[in-house]
Amino acid sequence: MSSEEGQERTEQPTAKKLEDARKKGQVVRSRELATMLVTMAAATVLMVLGGSFLDGFLRLLRYGFSPSFLNTRDPQQLPTLFQTFLMESLFLVWPMLLVCFVAALIANVMLGGMTFSLGFKLEKLNPITGIGRLFSTQSLVELIKSVLKVVFIGGVAWILLEMLTDDILELSLQSPEAAIMSSGSLLVWFFLVVSMPLLLIALIDVPWQLFSHNKQLKMTRQEVLDEHKESEGRPEVKSRIRQAQQEASRRRMMEKVPTADVIITNPTHYAVALKYDASKGSAPVVVAKGIDEVAARIRELARDNDVPLVASAKLARAVYASCDLDAEIPAGLYLAVAQILTYVYQLKQWQEMGGDFPDVPVPEVDDQYLKDHGFDRPSNPMDS
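Below: a short report on this structure.

Conventions we followed
Residues numbered from 1 in each chain as written. Predicted model: local features only at pLDDT ≥ 70, side-chain atom pairs only at ≥ 80, totals over all residues. Heavy atoms only, no water. Pairing = 2+ DSSP bridges. Helix = DSSP H or I, 4+ residues; strand = E, 2+ residues; numbered from the N terminus. Axes fitted to C-alpha atoms, helices over the stretch in contact; angles between N-to-C directions. Contact = heavy atoms within 4.5 Å. Core = buried A, V, L, I, M, F, W, Y, C linked by side-chain atoms within 4.5 Å. Buried < 20%, exposed > 50% of the residue type's maximum accessible area, 1.4 Å probe, protein only.

Strand order in the open sheet formed by four strands is β3-β2-β1-β4, and the pairing between neighbours is mixed. In this open sheet, the two strands that pair with only one neighbour each are β3 (285-291) and β4 (309-311). Strand-to-strand twist in this sheet, taken as the mean axis angle between neighbours without regard to direction, amounts to 20°. Helix-sheet contacts for helix α12 (residues 293-304) involve β1 (262-265), β2 (270-275), β3 and β4, and the interaxial angle to β3 is about 125°. Together, β1, β2, β3 and β4 form the strand contacts of helix α13 (residues 313-322), whose direction differs from that of β2 by roughly 75°.

Next up, the structure:
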């Protein structure tokens, strides 16, 4: 039995859960909102362009009942006549079609955003699952909305018909053109008023859809923990990644050892490589550092590349503790490091020109400085 079985879905859906649902096409949608917007948009277009629609409709009627259309006997002319009639009809209604399309698009984007999902789920063909959906809370809500639409729209239509009965009867006394114009005006207002109840239904449906969508995506506490573990990475995977990163960083560090001016050692446990560029006028930079095995590897590379090694236990520990890689040494170590670099330059001069062998310096590093940087234990006598 899964550990998640029996757990209540009390946790709000995470950002990853919402994004995964969006990718599957599971977003908030309200058909009532779409119906309301499309209907109201169509009613608005009819109010604004109703006169043009009626003129176009009259023009189509005249064309459809004209002798040239009705008395056509040549079969080859019929496709052309019908094509002309169809194009005129499309040209007449295209503004309404365009506005309704935009309204439907806006209605779908307003709540859940734009999504495209072509996935096909076989479980939707399962009759048992389908029967279960028939008796679900969602089906009950849809039934209530359908009843409300019938009651509201039917009630408004009945009231409006009662109010417009005299106007409708008067149409029979008008000329055909006047009757068409008057009936068109009545239909526009009838369409607009009858669609008003859809606004109330949409105001009820939108909050319900938001609530229902959020409820469907709610998670158990275990699901949240599992997702967090996956997003952060499993400990063993993170450990391997961290080791790989450390190895790559160490290789890059070791590549800089041959370019160093001096290696200051402990002499066995610590090793730091310093490089000084006098042309930049800045302080020496730590290009490599390490302890134990890493320190041994730094010393080995230094010997292979003729980089001077100078033993200074306190200074090696102080530089290691207070300096990051590729960072300048702090001001508190300027004097001690300067003594080491002076010795290195004198050593190079002795190798090239001979003379007196330079004295190995003993840089002074305050014990308090070591304590401030974590070295509060006494140094190993073997490293002195």
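Still more to cover.
We now examine the environment of V28. Here V28 is to be found in the loop between α1 (15-23) and α2 (31-64). Along the backbone, V28 and S212 are 184 residues apart, and their C-alpha atoms lie at a distance of 8.7 Å.

Formed by 23 residues in total, the largest nonpolar core has its most connected members in V262, I264, L274, L315 and V319. Ranked by residues supplied to this core, first place goes to helix α14 (residues 334-353) with seven residues. Filtering out sequence-adjacent residues up to four positions away, I264 remains in contact with Y270, A271, V272, L274, V310, S312, L315, A316 and I340. Core analysis: the second largest hydrophobic core is formed by 15 residues, M254, V257, A288 and V294 among them.

By themselves, these observations are geometric and do not establish any function.
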